[in-house]
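# Tertiary structure, described
Listed below are the residues making up each chain.
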There are 2 protein chains.
Amino acid sequence: MSRQLFSEIVRILVRYKDCEERRTTIRVTVELHCASNPVYKKDLIVRLTDDIDPLFLYNLIITEDDFQSLKHQQGLLIDFSAFPQKFIDLLQQCIQEESKDVPRFLLQLVSSAPLFDYTPAYLNVVETNPFKHLNHLSLKLLHGTDVEIKKYLASCLKCIKDEKLLLEQQLKKIKEDFTRQLACTQK
Amino acid sequence: MSRQLFSEIVRILVRYKDCEERRTTIRVTVELHCASNPVYKKDLIVRLTDDIDPLFLYNLIITEDDFQSLKHQQGLLIDFSAFPQKFIDLLQQCIQEESKDVPRFLLQLVSSAPLFDYTPAYLNVVETNPFKHLNHLSLKLLHGTDVEIKKYLASCLKCIKDEKLLLEQQLKKIKEDFTRQLACTQK
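Parameters and conventions
- Residues numbered from 1 in each chain as written.
- Chains lettered and ligands numbered in written order.
- Predicted model: local features only at pLDDT ≥ 70, side-chain atom pairs only at ≥ 80, totals over all residues.
- Heavy atoms only, no water.
- Contact = heavy atoms within 4.5 Å.
- Buried area = accessible area lost by both parts, 1.4 Å probe.
- Salt bridge = Lys/Arg side-chain N within 4 Å of Asp/Glu carboxyl O.
- Polar contact = N/O pair within 3.5 Å; in protein donor to acceptor, adjacent residues only side chain to side chain.
- Nonpolar A, V, L, I, M, F, W, Y, C, P; charged D, E, K, R; others polar.
- Pairing = 2+ DSSP bridges.
- Helix = DSSP H or I, 4+ residues; strand = E, 2+ residues; numbered from the N terminus.
- Axes fitted to C-alpha atoms, helices over the stretch in contact; angles between N-to-C directions.
- Phe/Tyr/Trp six-rings, centres within 6.5 Å; stacked < 30°, edge-to-face > 60°.
- Buried < 20%, exposed > 50% of the residue type's maximum accessible area, 1.4 Å probe, protein only.
- Least-squares fit on C-alpha atoms with pLDDT ≥ 70 in both.
- Domains from an automatic or database assignment.

## Digging into the interface of chain B and chain A
- Contact with chain B, which involves 28 residues of that partner, is made by 28 residues of chain A.
- Between chain B and chain A, a total of about 2,800 Å² is buried, with carbon and sulfur atoms accounting for 80% of that surface.
- Across the chain B-chain A interface, the total number found is four salt bridges.
- Across the pair A:Lys164 and B:Glu163 runs a salt bridge whose closest N-O atoms are separated by 2.7 Å.
- Our count for the chain B to chain A interface comes out at six residue pairs in polar contact (both at pLDDT 80 or more).
- Of the residues that constitute the side of chain B that touches chain A, the class distribution is 15 nonpolar, five polar and eight charged.

Put into structure tokens, the structure is as follows:
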């Protein structure tokens, strides 16, 4: 079972090797997957996608075990259960600062490889104060494999087909309603 | 440049290794790709997809050279330029016979491997007369690779997003039109 906690378009600074850094927008999705078998276990999924470029996909799965090493490595003081909301709060802070010329909180995607290479990239939440850049969090994301992108696109296609069907039904209904209403009024 | 000549849902008999044969429907698309560089050259693309299962994809690209061996191998009497229309005529004959209990023309997809294996499958147009099964045409199709399926799904997603946008615009316009018309009538 999976529960979506966050799915928003966020402005981001992208820095690839040998490329000029650029500001763009990206969809960040945060999901919690709960497996009840064999033991009750939760995984946090972070996914970066681009509504314009369907082949852009970065993934990260954080298990409770992974989180312990992330916690240790980055000096976090919270538990796994509190982490998703804290991460979302940081993303919200980035969104709130988007319109400012010098945003205090900024999301960055940094890769040591050139664009479109399948190497990992780091998603950083960086606070800039007058003194320095403070890295609040740094998550290592993997570029989606062809199989992962294929599955992701298939699920997008299913969603959008359902939405399209709903629109078609709405359009049909509204045409009927208005035609009836108009006929009544003209009588 | 590519030109779509045919894209229809056709009933088909599917026979995989170790599986009971089953009747289902499949979308058959026939396209002509024209490359003007380096020499004027045409390729015929045959694609099998399933509107329900987005991961189902079989492809065949027939170049003019490929066609010569196909012509020789299957004893065809037509040229490459006449082949696409002849193939579409055969597909149309299958469609016309669909509703009959014993269709005279039938499309078959036959694979010597179990379902979902990535081995080639044969798309056959078979006529059944009181005496025997006559194979009019047999095309060897390859299952799409993950990269091909990924690209195919990305293009589907783009199309359906455009269609959805159009529907949203229609819905908005029809609401405005009817509201205006209703207001006029009620005056």
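So, next bit.
## Remarks on the sheet that holds strand β7 (residues 133–143) of chain A
Residues and elements named next belong to chain A.
- Strand order in this closed barrel of seven strands is β1-β2-β3-β4-β7-β6-β5, and the pairing throughout is mixed. Pairs of neighbouring strands in the sheet enclose a mean axial angle of 35°, with direction left out of account.
- Lying on the sheet, helix α1 (residues 64–74) is in contact with β3 (41–49), β4 (57–63) and β7; it crosses β4 at an angle near 95°.
- Contacts from helix α2 (residues 83–96) reach β1 (2–15), β2 (22–35), β3, β4, β5 (105–110), β6 (121–128) and β7 within the one sheet, and its direction differs from that of β1 by about 40°.

## Overview of the packing of aromatic side chains
All names here are of chain A.
- Tallied over the entire structure, the rule returns nine aromatic pairs over all chains.
- Taken together, a centroid distance of 6.2 Å and an interplanar angle of 5° make the contact between phenylalanine 83 and phenylalanine 87 stacked. Pair noted here: phenylalanine 83 and phenylalanine 87 are both in helix α2, with a separation of four residues, about one helical turn.
- The class of phenylalanine 87 is buried, set by a relative accessible area of 1%.
- Through a chain of ring-to-ring contacts, three or more aromatic side chains come together here, namely Phe67, Phe80, Phe83 and Phe87.

## Quick notes on the pairing of strand β3 (residues 41–49) of chain B
Residue and element names in this part refer to chain B.
- β3 sits mainly inside the fold: seven of its nine residues count as buried.
- Sheet topology note: the β3/strand β4 (residues 57–63) ladder contains seven bridges and is antiparallel. Note on β4: the bridge partner recorded for leucine 48 is tyrosine 58.

## Digging into the pattern of salt bridges
Residue and element names in this part refer to chain A.
- The tally for this structure, following the rule as stated, stands at 28 salt bridges over all chains.
- Close ionic contact of glutamate 176 with lysine 172 constitutes a salt bridge, the shortest N to O distance being 3.4 Å. Taken as a pair, glutamate 176 and lysine 172 lie in helix α3 (residues 146–186) at a separation of four residues, close to a single helical turn.
- Looking at glutamate 176, the relative accessible area reads 39%, which means it is partly exposed.
- For lysine 172, a relative accessible area of 54% gives the class exposed.

## Structural notes on the relation of the copies chain B and chain A
- When chain B is brought onto chain A, the operation consists of a screw motion whose angular component is 180° and whose axial shift is 0.0 Å, with 0.0 Å RMSD remaining. A rotation of that kind, with that shift, is consistent with a two-fold axis. Rotation axis and chain B: the residue whose C-alpha lies nearest the axis is B:Lys150, separated from it by 2.3 Å.
- Comparing interface residues between copies, 100% of those in chain B also lie at the interface in chain A; the contact surface is shared.

## Remarks on the sheet that holds strand β7 (residues 133–143) of chain B
Residue and element names in this part refer to chain B.
- Read around the closed barrel, seven strands run β1-β2-β3-β4-β7-β6-β5, paired in mixed fashion. Along the sheet, successive strands turn relative to each other by an average axial angle of 35°, direction set aside.
- Judged from the 12 bridges that link them, strand β1 (residues 2–15) and strand β2 (residues 22–35) form a sheet pairing that is antiparallel. Within β2, the position partnered with serine 7 by the bridge is threonine 29.
- Of the strands in this sheet, β1, β2, β3, β4, β5 (105–110), β6 (121–128) and β7 touch helix α2 (residues 83–96), which is tilted by about 40° from β1.
- Running at roughly 95° to β4, helix α3 (residues 146–186) makes contact with β3, β4 and β7 of the sheet.

## Considerations on the domain arrangement of chain A
Residue and element names in this part refer to chain A.
- One can read the domain layout of chain A as domain 1 (2–144) and domain 2 (147–187).
- Tallying the contact residues gives nine residues for domain 1 and four residues for domain 2.
- Summing both partners gives a buried area of about 550 Å² for domain 1 against domain 2, and 70% of it is carried by carbon and sulfur.
- If you sort the residues of domain 1 by the area they bury against domain 2, Pro54, Leu55 and Leu57 come out on top, with a joint share of 54%.
- Taken together, the connections running from domain 1 to domain 2 amount to zero salt bridges.
- Summed over the shared surface of domain 1 and domain 2, the number is zero residue pairs in polar contact (both at pLDDT 80 or more).
- Mapped onto the side of domain 1 that touches domain 2, the elements with two or more residues apiece are β3 and β4.

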